[in-house]
Amino acid sequence: MATINLDGKTNEDLIEIKELILAKKEEFAERLITENVIKYPPHIKSDSKELKSWRYELFQIFADGIVLDKETSIQHATEWGKRIAGFLVSIGIPLELSIVSIRFYRHLIGEIIKEEAKKKQFTYDLFFEVLSRFDAIIDQTILSVSLSYEKENQHRIQIAQDALDELSVPIILVAERAGVLPLIGDLDTRRAKILMDKALDVGAAHHLRYLVIDVSGVPIIDTMVANQIFNVVKALKLIGIETKLSGIRPDIALTMVKLNIEFKETLTFSSLHLALESIGVKMKKD
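Heads up: these notes are all about the structure in this document. Computed from a predicted model, the values in this text were never measured in an experiment.

This brings us to the overall build of the chain. From N to C terminus, the chain includes ten helices and five strands. Its C-alpha atoms give the chain a radius of gyration of 32 Å, more than 25% over the compact-globule value 19 Å for 286 residues. Taking the principal axes of the C-alpha coordinates as reference, the chain spans close to 95 × 35 × 35 Å. Burial statistics for the chain: of 286 residues in total, 43% are counted as buried. Sequence separation of 24 or more characterises 80% of the internal contacts of the chain that already satisfy a separation of 6 or more. For the chain, the computed accessible surface area is about 16200 Å², with 55% contributed by carbon and sulfur atoms. The averaged location of the 42 negative side-chain charges in the chain is 5 Å from the averaged location of its 37 positive side-chain charges.

Here the focus is the packing of helix 2 (residues 25-34) against helix 5 (residues 95-119). Between two packed helices, both the angle of their axes relative to each other and the distance between the axes serve to describe the pair. Across the interface, helix 2 lies against helix 5 with an axial gap of 11 Å and an inter-helix angle of 135°. One way to sum up the angle between helix 2 and helix 5 is to call them oblique. Crossing of helix 2 over helix 5 shows right-handed handedness. Contacts between helix 2 and helix 5 involve Phe28, Ala29, Arg31 and Leu32 from the former and Ser101, Phe104, Tyr105, Leu108 and Ile112 from the latter. Here the residues of the contact of helix 2 with helix 5 are counted per class, giving seven nonpolar, one polar and one charged.

Right, let's get into the pairing of strand 3 (residues 210-217). The element strand 3 is largely enclosed, with a buried count of six among its eight residues. Sheet topology note: the strand 2 (residues 178-184)/strand 3 ladder contains six bridges and is parallel. In the sheet register, Leu181 faces strand 3, and the bridge partner there is Ile213. Where strand 3 meets strand 4 (residues 242-246), five bridges bridge the pair, whose relative direction is parallel. Considered in strand 4, the bridge of Asp214 is made with Ser246. Following the backbone out of strand 3, through helix 8 (residues 223-238) and into the adjacent parallel strand 4, one traces a crossover that is right-handed.

Positioned with a positive phi, Gln121 is a non-glycine residue whose angle comes to about 55°. Structurally, the position occupied by Gln121 is in the loop between helix 5 and helix 6 (124-167). For Gln121, a relative accessible area of 69% puts it in the exposed group.

This brings us to the sheet that holds strand 2. Working definition: the strands of a sheet are paired by backbone hydrogen bonds and lie parallel or antiparallel to each other. With mixed pairing, five strands are arranged side by side in an open sheet as 1-2-3-4-5. Bordering the open sheet on either side are strand 1 (172-175) and strand 5 (268-269), each of which pairs with just one other strand.

As a further point, take the nonpolar core. Counting 47 residues, the largest nonpolar core has Ile17, Ile21, Tyr40, Phe62, Ile66 and Tyr105 as its most contacted members. Secondary-structure elements contributing two or more residues to this core are helix 1 (8-23), helix 2, helix 3 (49-67), helix 4 (70-91), helix 5 and helix 6. Per element, the largest residue contribution to this core is eleven residues, and it comes from helix 5. For Ile21, the residues in contact, after removing those within four places along its chain, are Phe59, Ala63, Ile66, Ile109 and Ile112. Listed in part, the 26 residues of the second largest apolar core include Leu211, Val233, Leu236 and Met256.

The next thing to look at is the side chain of Ser144. With respect to the element layout, Ser144 can be found in helix 6. The exposure class of Ser144 is buried, given its relative accessible area of 4%. Engagement of the side chain of Ser144 in a polar contact is seen with the backbone oxygen of Thr78, the distance being 2.8 Å. Each residue touching Ser144, except ones within four places of it in the same chain, is listed here: Ala77, Thr78, Gly81 and Lys82.

Attention shifts here to the pattern of salt bridges. Applying the stated criterion across every chain, the model contains 14 salt bridges. Here Lys120 makes a salt bridge to Glu16, at a shortest N to O gap of 2.5 Å. In this pair, Lys120 sits in the loop between helix 5 and helix 6 while Glu16 sits in helix 1, placing the two residues 104 residues apart along the sequence. The exposure class of Glu16 is partly exposed, given its relative accessible area of 45%. Between Glu152 and Arg156 there is a salt bridge; the shortest N-O distance is 2.9 Å.

Reading the values: rules and limits
Residues numbered from 1 in each chain as written. Predicted model: local features only at pLDDT ≥ 70, side-chain atom pairs only at ≥ 80, totals over all residues. Heavy atoms only, no water. Helix = DSSP H or I, 4+ residues; strand = E, 2+ residues; numbered from the N terminus. Rg over C-alpha atoms; globule rule 2.2 N^0.38 Å. Buried < 20%, exposed > 50% of the residue type's maximum accessible area, 1.4 Å probe, protein only. Contact = heavy atoms within 4.5 Å. Areas by Shrake-Rupley, 256 points an atom, 1.4 Å probe, with all protein chains shown as cover. Lys, Arg positive; Asp, Glu negative; His and termini not counted. Charge placed at Lys NZ, Arg CZ, Asp CG, Glu CD. Axes fitted to C-alpha atoms, helices over the stretch in contact; angles between N-to-C directions. Parallel < 35°, antiparallel > 145°, perpendicular 65-115°, else oblique. Left-handed = near helix turned anticlockwise from the far one by under 90°. Nonpolar A, V, L, I, M, F, W, Y, C, P; charged D, E, K, R; others polar. Pairing = 2+ DSSP bridges. Right-handed = clockwise from strand over helix to strand, strands pointing away. Core = buried A, V, L, I, M, F, W, Y, C linked by side-chain atoms within 4.5 Å. Polar contact = N/O pair within 3.5 Å; in protein donor to acceptor, adjacent residues only side chain to side chain. Salt bridge = Lys/Arg side-chain N within 4 Å of Asp/Glu carboxyl O.

As structure tokens, then:
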């Protein structure tokens, strides 16, 4: 690892400061908790092995930054931030708590640097150089953690959203070669794609002949929604599946007429019961 290019005596002084910082890591990590600097969520154990390791790694990076060149130190800070962000998201530690922790350590380590610089009679230029590089490492650590945390968080939200969307497009098999797809909620472009993919996959896998798409749970059917449904119907037809539409309420029917929306060659029904009867599926009566 590259170290800063100073005279031998000064390098020895910086190494001593580094060792002093590392010697204080357990004390400073404990002060973060005992001084009530941050309050972790109830499910987080502040003295857990993982969190202690997180803090000690951070101290190592800050301490190394005293003796390493600026470019190497910033690289280490960047890599650490990327790696630790996934851990923080996984255990549910808010980003702001992590930043508060880093800034708390910044203050404590900054005091060590200041006091040791006085004792060792650093020149103003040397003190400014050491402090400037230390601040750059802190800033890069916060930046790297913040960007990586946001990226990881968005990734997990996307996974959860995909799973939710998948569940919101259920296909129910009601007979050997017939299924029902009940739509509930708004139908946007994203959900329409999932709708088409799932309808085609399930339809082909079960060799469906009929699929009833029930829209009674869709609050509004406008031109965009109608086009999305029409595309699904058209795609299903290409693989040999005949589609019926059910749940066409009077207000939806009126809207479709006003917007000149029509599903040619696709039978529509006011209720799921009637749609199923049209393909020979009898619903059980209570």
